[in-house]
Amino acid sequence: MVGDESRPASFDRNTLSQFETLGKVEEFQCSVTSCVSAVQGAAVWLAANPDKVVDPRIPFVRQKFKLSITQAVEALKQAHALRYGEGR
């Protein structure tokens, strides 16, 4: 009958679900300052070393600095602003 089912055992345990691994939780809980500093550090390096950047740029930045796609794009945007100013 409906409602006679027992709860899954995972409800009774205080463990992470299959979708919440410790690594994913730690990545999610990354403090804003450490994430921002990684992007800013990449941006400073990119602005200072434009001749060492290999195309395609986004995969290069992701691999070199271990960033996500959005972080790599943000680092490239910040590097451009550092080199050419905010208005360009």
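Just above sits the structure.
Residues numbered from 1 in each chain as written. Predicted model: local features only at pLDDT ≥ 70, side-chain atom pairs only at ≥ 80, totals over all residues. Heavy atoms only, no water.

Asks: Describe the overall build of the protein, listing the residues and the values that go with them.
Replies: Secondary structure assignment for the protein yields 5 helices and 0 strands. Reading the protein from its N end, one meets helices and strands in the order α-α-α-α-α. A buried classification covers 16% of the 88 residues belonging to the protein. A sequence separation of at least 24 residues applies to 44% of the contacts in the protein between residues at least 6 apart. A total accessible area of about 7,100 Å² is found for the protein, and carbon and sulfur atoms account for 57% of it. (Helix = DSSP H or I, 4+ residues; strand = E, 2+ residues; numbered from the N terminus. Buried < 20%, exposed > 50% of the residue type's maximum accessible area, 1.4 Å probe, protein only. Contact = heavy atoms within 4.5 Å. Areas by Shrake-Rupley, 256 points an atom, 1.4 Å probe, with all protein chains shown as cover.)

Asks: A description of the packing of helix α4 (residues 57-65) against helix α5 (residues 69-84) should follow, citing residues and the corresponding values.
Replies: It is the contact of α4 with α5, at a shortest axis distance of 9 Å, that shows an interaxial angle of 110°. In terms of orientation, α4 and α5 fall into the roughly perpendicular class. Residues Arg 57, Ile 58, Val 61 and Arg 62 of α4 lie in contact with α5, whose contacting residues are Ile 69, Ala 72, Val 73, Ala 75 and Leu 76. Class assignment of the residues belonging to the contact of α4 with α5 gives a composition of 7 nonpolar, no polar and 2 charged. (Axes fitted to C-alpha atoms, helices over the stretch in contact; angles between N-to-C directions. Parallel < 35°, antiparallel > 145°, perpendicular 65-115°, else oblique. Nonpolar A, V, L, I, M, F, W, Y, C, P; charged D, E, K, R; others polar.)

Asks: Go over the environment of Asp 55, please, and point to the residues and values.
Replies: Tracing the backbone through its elements, the reader meets Asp 55 in the loop between α3 (32-48) and α4. Residue Asp 55 is classed as exposed on the basis of its relative accessible area of 57%.

Asks: Pulling in residues and values, what's your account of the pattern of salt bridges?
Replies: Using the criterion set out here, one finds 2 salt bridges in the structure. Where Asp 55 meets Arg 57, a salt bridge forms, and the shortest distance between an N and an O atom there is 3.3 Å. With relative accessibility at 40%, the residue Arg 57 sits in the partly exposed group. The closest approach of N and O atoms between Lys 77 and Glu 74, which form a salt bridge, is 3.8 Å. Here the residue Lys 77 and the residue Glu 74 both occupy positions in helix α5, the gap between them amounting to 3 residues, near one helical turn. With a relative accessible area of 53%, Lys 77 lands in the exposed category. (Salt bridge = Lys/Arg side-chain N within 4 Å of Asp/Glu carboxyl O.)

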